[in-house]
Amino acid sequence: MNAPAGLPRQRKPDWIRVKAPTSHGYAETRKLMRSLNLATVCEEAACPNIGECWTKKHATVMILGDTCTRACAFCNVKTGMPRALDPLEPEHVAAAAAELGLEHIVVTSVDRDDLPDGGASQFVKVIQALRRNTPTTTIEILTPDFRNKSEAAVEAIVEAGPDVYNHNLETVPRLYPTIRPGARYYASLRLLESVKRHDPHIFTKSGVMVGLGEQRLEVHQVMDDMRSADVDFLTMGQYLQPTSRHAKVEEFVTPQAFDAYAAIARAKGFLLVAASPLTRSSYHAGDDFKAMQRNREAKLAREGANAAA
């Protein structure tokens, strides 16, 4: 599965090449994150969009530290035994949101299988700190699966009231043993179902990577599974190999193939679909949140009109 150490990775096609970040806005965002001792998934996961997003002062904060207790084959976040939780982290996240003037913030985390609640209480504290300090900022969270403790974790987080709850399925079920060995596909689906069961009004979101060796019909089945769990928003992007130690890219999916996937997903009933080579979970998240709100309002209006007819 993995490319031998030392061998060059595949040459990226023109449609996914990006420029190295050099802007003043990028430097200012990086300086702020360091001053508040905050990690970002933008850096830790080597996101290709970091230059564009940080220039606009949009950053995805990664809470619960920078060390993950799992070792997924696609992920560039370091693995090991994490440090103790930072009690100041929630207030630092809120301070960053205020300093950056964020209308919408995305908060994600590493997996913390070492904690009794998987880190759910820290998500709750971050949401509460944001509500106190930046009450007009809409909040999107991207959580791990809270293995073996998801029901209580989801209940606590939903009670705190995020605007969007994101949990990524990442890939098709067949590839879980090699790509996401610490997780279980149907457990992740149940987590997404649980969010809607606790609060049907919270937008739910999930993402997949392509280019890992999945088959087209397998991706279509993942879409159907997401819709069965009442997921509102599907994101789909190209997997990029972070290092030679990670799973190799089996295919660079063309923009035309992404467009075809997006058309199928829209036909299956998602409120919103973002599918392109450079799409990532939090890419353009604020604009996408507003689009989801508009699309839900339009859908409810159509349903009301049909019921009255």
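Up top you'll find the structure we're talking about.
Criteria and thresholds
Residues numbered from 1 in each chain as written. Predicted model: local features only at pLDDT ≥ 70, side-chain atom pairs only at ≥ 80, totals over all residues. Heavy atoms only, no water. Helix = DSSP H or I, 4+ residues; strand = E, 2+ residues; numbered from the N terminus. Buried < 20%, exposed > 50% of the residue type's maximum accessible area, 1.4 Å probe, protein only. Areas by Shrake-Rupley, 256 points an atom, 1.4 Å probe, with all protein chains shown as cover. Axes fitted to C-alpha atoms, helices over the stretch in contact; angles between N-to-C directions. Parallel < 35°, antiparallel > 145°, perpendicular 65-115°, else oblique. Contact = heavy atoms within 4.5 Å. Nonpolar A, V, L, I, M, F, W, Y, C, P; charged D, E, K, R; others polar. Pairing = 2+ DSSP bridges. Right-handed = clockwise from strand over helix to strand, strands pointing away. Expected span 1.5 Å × (residues − 1).

*Asks:* How would you sum up the overall build of the chain? Please name residues and give values.
*Replies:* Helix and strand content of the chain: eleven helices and ten strands. With 309 residues in all, the chain has 53% of them scored as buried. A total of about 14,400 Å² of accessible surface is found on the chain, and carbon and sulfur atoms cover 53% of it.

*Asks:* Describe the packing of helix 5 (residues 120-133) against helix 6 (residues 150-160), naming the residues involved and giving the relevant values.
*Replies:* Interhelical geometry of helix 5 versus helix 6 gives an angle of 0° and a closest axis separation of 9 Å. Taken together, the axes of helix 5 and helix 6 lie roughly parallel to each other. Between helix 5, through A120, F123, V124 and I127, and helix 6, the contact on the second element is made entirely by A153, A156, I157 and A160. By residue class, the composition of the contact of helix 5 with helix 6 is eight nonpolar, no polar and no charged.

*Asks:* Explain the pairing of strand 5 (residues 104-109) residue by residue, including any values.
*Replies:* In terms of burial, strand 5 is a largely internal element, six of the six residues being buried. In terms of strand pairing, strand 2 (residues 60-63) meets strand 5 through four bridges, oriented parallel. Within strand 5, the position partnered with M62 by the bridge is T108. Note that strand 5 and strand 6 (residues 138-142) share five bridges and pair parallel. Across the sheet, residue V107 finds its bridge partner in strand 6, namely I141. Taken together, strand 5, helix 5 and strand 6 form a β-α-β motif whose crossover is right-handed.

*Asks:* Which residues make up helix 9 (residues 216-228), and what are the values?
*Replies:* A rise of 1.5 Å per residue sets the reference length of helix 9, with its 13 residues, at 18 Å; its end C-alpha atoms lie 19 Å apart and thus fit the reference within 8%. Among all positions of helix 9, only V219, H220, V222, M223, D225 and M226 are buried. Check the buried side of helix 9 and you find it contacts helix 8 (185-198), strand 8 (203-210), strand 9 (233-238) and helix 10 (255-267).

The values are spatial; any link to function lies outside them.
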